[in-house]
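# A closer look at the structure
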Amino acid sequence: MRKLLLAAAAMACVLSAGTAAEAKTLGIVALLANDALNIDVIGGATEAAKAAGWDVKVIDTQASADQANAAMKTFAVQHVDAMFVLAFASSSIGAGLDAARQAHIPVATWGGEIVPGIVVTTAGRQVGDDSVKYLLSKVGENADILALTFHPGKLCIDRGVAFDEGVKGHEGVHVTYNEITVPGQVQNGNALAQAWLTSHPAGGDRKLGIWSCWDEPMTGAVAAIRQAGRTDVTTVSINGSPQAIQLVKDGDMTATVWQPAYEEGKEAFQAILDSMKAGDSWQPKVITIPGVVVSSDNVDQFMKEHPAK
């Protein structure tokens, strides 16, 4: 009897080891792993992956395309079963995509372009359109705007294109462009806003606005506005991070456009599964989920509907 029990226990260990060995792995390449929106999309993808029995590995690139390519090469050597790359332009991760293709690993991107090797991506253009439309509705046709941009990030590139096209044709709107430095985006946003506020004193006959392609630089800009004791600047950013939503709630920020990153992460992973099941018949797809402009008009309702925010 003892021998039978030992044999059964040994077989259970073998089966358990076999199950563990069969677990698939999703390798996530994050633009900024500590950014609120990156955290959300990673959380959504991780929840979906865990529910499917997958493991998840995350590499933080600190917004470096070189590090993103290196991370993808590392995942290729590790033979992960799929990769999910966050917010890099597809043209900037060519070496990583080559490594993934050679290892026959499907790649999903969050805010990239469909190129060979990428099975699914998400579209970030709509939230950019919504942000500039809202800002212009507040400042009108006689305004000066500070635009805080970030071209290493694909989401910010798309949102920046939306901003540029949105202000085109508004001859009375003058835009000052400043590129954000990462890391240090909050402090950089603060410094750039301070300098711009100094050159745009209160009491002029032109409306003033600050636009940021994501929330973190805007939190620094809002702090600069508070420090200067200014109440004459409209502030609009994108992502809908918890901190930004609270700033809207407190009346310190005019609006943020919430992007449903958690759901995007979940849907991107599901598309990975679908592509693996479909094989050669799979057609690359673009996921588009509408966002929400959160302002004083709807922030209370938004917070009730999204308590995690």
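Below you will find a few notes about this structure. (Residues numbered from 1 in each chain as written. Predicted model: local features only at pLDDT ≥ 70, side-chain atom pairs only at ≥ 80, totals over all residues. Heavy atoms only, no water.)

### Structural notes on the side chain of threonine 122
The following threshold applies: By definition, any uninterrupted DSSP run of H or I lasting at least four residues is a helix, any uninterrupted run of E lasting at least two residues is a strand, and each is numbered from the N terminus. A simple rule labels every residue: compare its accessible area, found with a 1.4 Å probe on the protein chains alone, to the largest value its type can have, and call it buried under 20%, exposed over 50%, or partly exposed in between. We define a polar contact as two N or O atoms separated by no more than 3.5 Å, with the added condition that, inside protein, one atom must be a possible hydrogen donor and the other a possible acceptor, whereas residues neighbouring each other in sequence contribute only through side-chain atom pairs. Note on contacts: a residue pair is in contact if any heavy atoms of the two residues lie within 4.5 Å.
Following the sequence through the fold, threonine 122 ends up in strand 5 (residues 118-122). Classification of threonine 122 as buried rests on a relative accessible area of 2%. At a separation of 2.9 Å, a polar atom in the side chain of threonine 122 contacts the main-chain amide nitrogen of glycine 111. Among all residues touching threonine 122, those that are not within four sequence positions of it are Thr109, Trp110, Gly111, Gly112, Glu264, Val286 and Ile287.

### Details of the sheet that holds strand 8 (residues 207-212)
Quick reminder of the rule: One requirement defines pairing of two strands: DSSP has to find at least two bridges between them. Only the contacting stretch of a helix is used when fitting its axis, a line to C-alpha atoms as for every element, and angles between N-to-C directions run 0 to 180 degrees.
If you trace the 6 strands from one edge of the open sheet to the other, you get 7-6-8-9-10-12, paired in mixed fashion. Both outer strands of the open sheet, strand 7 (173-179) and strand 12 (292-295), are each paired with one neighbouring strand and no more. The mean angle between the axes of side-by-side strands here comes to 20 degrees, regardless of whether they run parallel or antiparallel. As paired strands, strand 9 (residues 233-239) and strand 10 (residues 255-258) are joined by 4 bridges and run parallel to one another.

### Remarks on the sheet that holds strand 2 (residues 55-60)
On the basis of which strands lie adjacent, the open sheet formed by 6 strands has the order 2-1-3-4-5-11 and parallel pairing. Looking along the sheet, the strands with just one partner apiece sit at the ends: strand 2 and strand 11 (285-287). Each strand of the sheet is rotated relative to its neighbour by a mean of 20 degrees, with strand direction disregarded. Where helix 3 (residues 65-78) meets the sheet, its contacts fall on strand 1 (25-30), strand 2, strand 3 (82-86) and strand 4 (107-110), and the angle it forms with strand 1 comes to roughly 170 degrees.

### Brief notes about the pairing of strand 10
Where we set the bar: Classification remark: right-handed applies to a crossover when, strands pointing away from the viewer, the course from the first strand over the helix to the second runs clockwise.
Of the two faces of strand 10, both are covered, the one formed by Ala255 and Val257 as well as the one formed by Thr256 and Trp258. Of the crossover connections in this fold, the one passing from strand 9 over helix 9 (residues 242-250) to the parallel strand 10 is right-handed.

### As for the side chain of aspartate 215
Put simply, the rule is: Positive charge is attributed to Lys and Arg, negative charge to Asp and Glu, and no charge count is given to His or to the chain ends. Here a salt bridge means any side-chain nitrogen of Lys or Arg lying within 4 Å of a carboxyl oxygen belonging to Asp or Glu.
Tracing the chain through its elements places aspartate 215 in helix 8 (residues 215-227). No salt bridge is formed by the buried aspartate 215; its nearest oppositely charged neighbour, arginine 159, is found at 7.4 Å. Those residues in contact with aspartate 215 that sit more than four places away from it in its chain are Ser237, Ile238, Asn239, Gly240, Ser241, Ala244 and Thr256.

Just distances and angles here, no functional claims.
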